[in-house]
Amino acid sequence: MPVIVGDGSGDSKMQGDGKGVSVGSTTTTGRNAGVSTATGTLVFNEDAGAVQVYTGNTDGWSNVGGGNKVAATGGDATYELGGYKYHVFTSSGSLAVSAAGDVEFLIVGGGGGAGAGESTDYGRSGGGGGAGGLRCSFDGETPGGPGAGSEPAFTVSAGVTYPVTIGNGGTGRSGSTDGDDGTPSSFGPPSAPGRIIAGGGGGGGGGRNDPGNNGGSGGGASAQEQNGSPNTSYPGPQNLGGEGAATGSGFNPIVAGYDGGRCAAETNVGGGGGGATEAGEDGQDDGSAAAEGKGGLGMRFPTDMIPSDYGTTGPQPGRYFAQGGYASAENNGGTYTAGGGGGANPQHWTSSQGPAGASNTGGGGGGKGDSQTGGSGGSGIVFIRYET
């Protein structure tokens, strides 16, 4: 008796000789185009060279019986952990694939540079730089940004070389100039729309009354004008932090970061840059360390995925990426513990550039007080992994 096993179309049947079962054949694009795919659906993925089963919306498609194992070269380093081989790109390069299959990715854009207060002002703070956007399809992990669900794996084909671009951190600026935006990191085919792109972080606001820039995560706003301490009649609204990047083009386009912090009317303290898992703190001149422009927290990965060679420490065990930069804290400079590579909160009055975001973490730069220079953002990073 024929047995229907395929994609629900009724076209896939046992051949009738009792020697095997024919499973519906399709490409990755055709597989992903299914609407309301039933859990347990089987297909043969021509791109991956493997039979795959749909295991549900959370885990997506998995190879049955292992399928073809991916084989590839490239990256600045490789390592193996937990049954996966990882290719790490700390600089731009390429992944050359010799055996097809599904790969998972962690892609972090370059962090935004921070601003600084206007030179003619007393005690103004520039906004912290926004973290680079964070894209991730590691099993059990999510990308950055609000309400982000799991991302699907990416299918690579044998004989194809996939370019990898590492985003640069934005330069921190002085005076009335916003920090520069970071640049995107990406992986995939040479051209859109197939590339996976993590946007660069937005630059922090500089000078007086300046919103942060939009980006992978948004930059923090610079401090408001203050006439008195406080001048309760000041009519100005809050400065807005930059927004986490709007949905763009590319593979599974999503928002991958949070907004930068605002600056309340009548305060000397700017907003913190947005991070991968939370928005930057609003700047409030109330002497509270908890309210003085903290950068949004980065995303944590366990050490059985990311070893201590990469990322930074944070408030919990693991390795952190994409921390927003801190605004300079007039009353509590140097008292915060940063997590995720963002420029830690600088001493407001010291004659030095604001702290930079850590290299290859996508951290935003730290804002600085008047007559100073904001910190530059940290460069991005890309991890590509597959089962061994």
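Everything numeric in this text was worked out from a predicted model, so none of it was measured.

A closer look at the overall build of the protein chain
Stage number 1. Looking only at helices and strands, one finds one helix and 17 strands in the protein chain.
Stage number 2. Scored against the burial criterion, the 388 residues of the protein chain give a buried share of 51%.
Stage number 3. Across the protein chain, every contact between residues at least 6 apart in sequence was considered, and the portion connecting residues at least 24 apart equals 58%.
Stage number 4. Total accessible area on the protein chain is roughly 14900 Å²; 48% of this is exposed by carbon and sulfur atoms.

Here we look at unusual backbone geometry
One can expect most non-glycine residues to show negative phi and most peptide bonds to be in trans.
Stage number 1. Unusually for a residue other than glycine, Ala322 sits at a positive phi of about 65 degrees.
Stage number 2. What makes Ala322 buried here is its relative accessible area of 0%.
Stage number 3. The backbone of Asn360 shows a phi angle near 60 degrees, a positive value even though the residue is not glycine.
Stage number 4. Within the element layout of this structure, Asn360 appears in the loop between β16 (319–321) and β17 (381–387).

Some remarks on the packing of aromatic side chains
Stage number 1. One pass over the full model with this rule turns up eleven aromatic pairs.
Stage number 2. Site record: aromatic cluster; members linked through ring pairs are Tyr79, Tyr84, Tyr86, Phe138, Phe301, Tyr310, Phe321 and Phe383.
Stage number 3. Its end group placed over the ring of Tyr84, Arg385 keeps NZ or CZ at 3.6 Å from the ring centre.
Stage number 4. Taking the ring centre of Phe138 as reference, the NZ or CZ of Arg385 above it sits at 4.4 Å.

Digging into the confidence of the model for the protein chain
Stage number 1. Taken residue by residue, the protein chain gives an average pLDDT of 79. The fraction at 70 or more is 72%.
Stage number 2. Below a pLDDT of 50 lies the segment residues 1–16, which in the model reaches 28 contacts outside its immediate sequence neighbourhood of four places, other chains included.

Let's talk about the sheet that holds strand β8 (residues 93–99)
Stage number 1. Spatially, β5-β8-β12-β13-β14 is the arrangement adopted by the five strands of the open sheet, whose pairing is antiparallel. Across the chains shown, the open sheet's two edge strands, defined by having one partner strand only, are β5 (71–73) and β14 (196–198). Adjacent strand axes in the sheet meet at a mean angle of 20 degrees when their direction is disregarded.
Stage number 2. With three bridges joining them, β5 and β8 adopt antiparallel strand pairing. Bridge pairing in β8 links Thr73 to Ala96.

Considerations on the nonpolar core
Stage number 1. Ranked by internal contacts, the top residues of the largest apolar core, which has 20 residues, are Leu106, Leu134, Phe138, Phe301, Ile306, Phe321 and Phe383.
Stage number 2. With three residues, the single largest contributor to this core is strand β7 (residues 84–89).
Stage number 3. Beyond its immediate chain neighbours, meaning those up to four positions away, Ile306 contacts Tyr79, Leu106, Phe138, Phe301, Arg319, Phe321 and Phe383.
Stage number 4. Core analysis: the next-biggest nonpolar cluster, separate from the first, contains 19 residues, Phe89, Val103, Ile166 and Ile196 among them.

Side note on the pattern of salt bridges
Stage number 1. Enumeration over the complete set of coordinates arrives at five salt bridges.
Stage number 2. Asp102 is the partner of Arg31 in a salt bridge, and the nearest nitrogen-oxygen pair spans 3.9 Å. Of this pair, Arg31 sits in helix α1 (residues 28–32) while Asp102 sits in strand β9 (residues 101–108), placing them 71 residues apart in sequence.
Stage number 3. Arg31 gets classed as buried once you look at its relative accessible area, which sits at 8%.
Stage number 4. Taking relative accessible area as the criterion, Asp102 reaches 19% and is therefore assigned buried.
Stage number 5. The closest approach of N and O atoms between Asp180 and Arg173, which form a salt bridge, is 2.7 Å.
Stage number 6. On the basis of relative accessible area, Asp180 is assigned to the partly exposed category, the value being 27%.

Observations concerning the side chain of Glu141
Stage number 1. Tracing the chain through its elements places Glu141 in the loop between β10 (134–136) and β11 (154–156).
Stage number 2. Not counting chain neighbours up to four residues away, the residues in contact with Glu141 comprise Cys136, Ser150, Arg300, Phe301, Pro302 and Met305.

Thoughts on the side chain of Ser137
Stage number 1. Mapping Ser137 onto the fold places it in the loop between β10 and β11.
Stage number 2. Discounting chain neighbours no more than four positions away, the residues touching Ser137 are Val103, Glu104, Phe105, Glu151, Pro152 and Ala153.

Notes on the pairing of strand β12 (residues 161–165)
Stage number 1. Burial of the side chains of β12 is restricted to one face: Tyr162 and Val164 are buried, whereas none of Thr161, Pro163 and Thr165 on the reverse face is.
Stage number 2. The pairing of β8 with β12 spans four bridges and is classified as antiparallel. Across the sheet, Gly93 pairs through a bridge with Val164, a residue of β12.

Criteria and thresholds
Residues numbered from 1 in each chain as written. Predicted model: local features only at pLDDT ≥ 70, side-chain atom pairs only at ≥ 80, totals over all residues. Heavy atoms only, no water. Helix = DSSP H or I, 4+ residues; strand = E, 2+ residues; numbered from the N terminus. Buried < 20%, exposed > 50% of the residue type's maximum accessible area, 1.4 Å probe, protein only. Contact = heavy atoms within 4.5 Å. Areas by Shrake-Rupley, 256 points an atom, 1.4 Å probe, with all protein chains shown as cover. Phe/Tyr/Trp six-rings, centres within 6.5 Å; stacked < 30°, edge-to-face > 60°. Lys NZ or Arg CZ within 6 Å of the ring centre and 35° of its normal. pLDDT = per-residue confidence, 0-100. Pairing = 2+ DSSP bridges. Axes fitted to C-alpha atoms, helices over the stretch in contact; angles between N-to-C directions. Core = buried A, V, L, I, M, F, W, Y, C linked by side-chain atoms within 4.5 Å. Salt bridge = Lys/Arg side-chain N within 4 Å of Asp/Glu carboxyl O.

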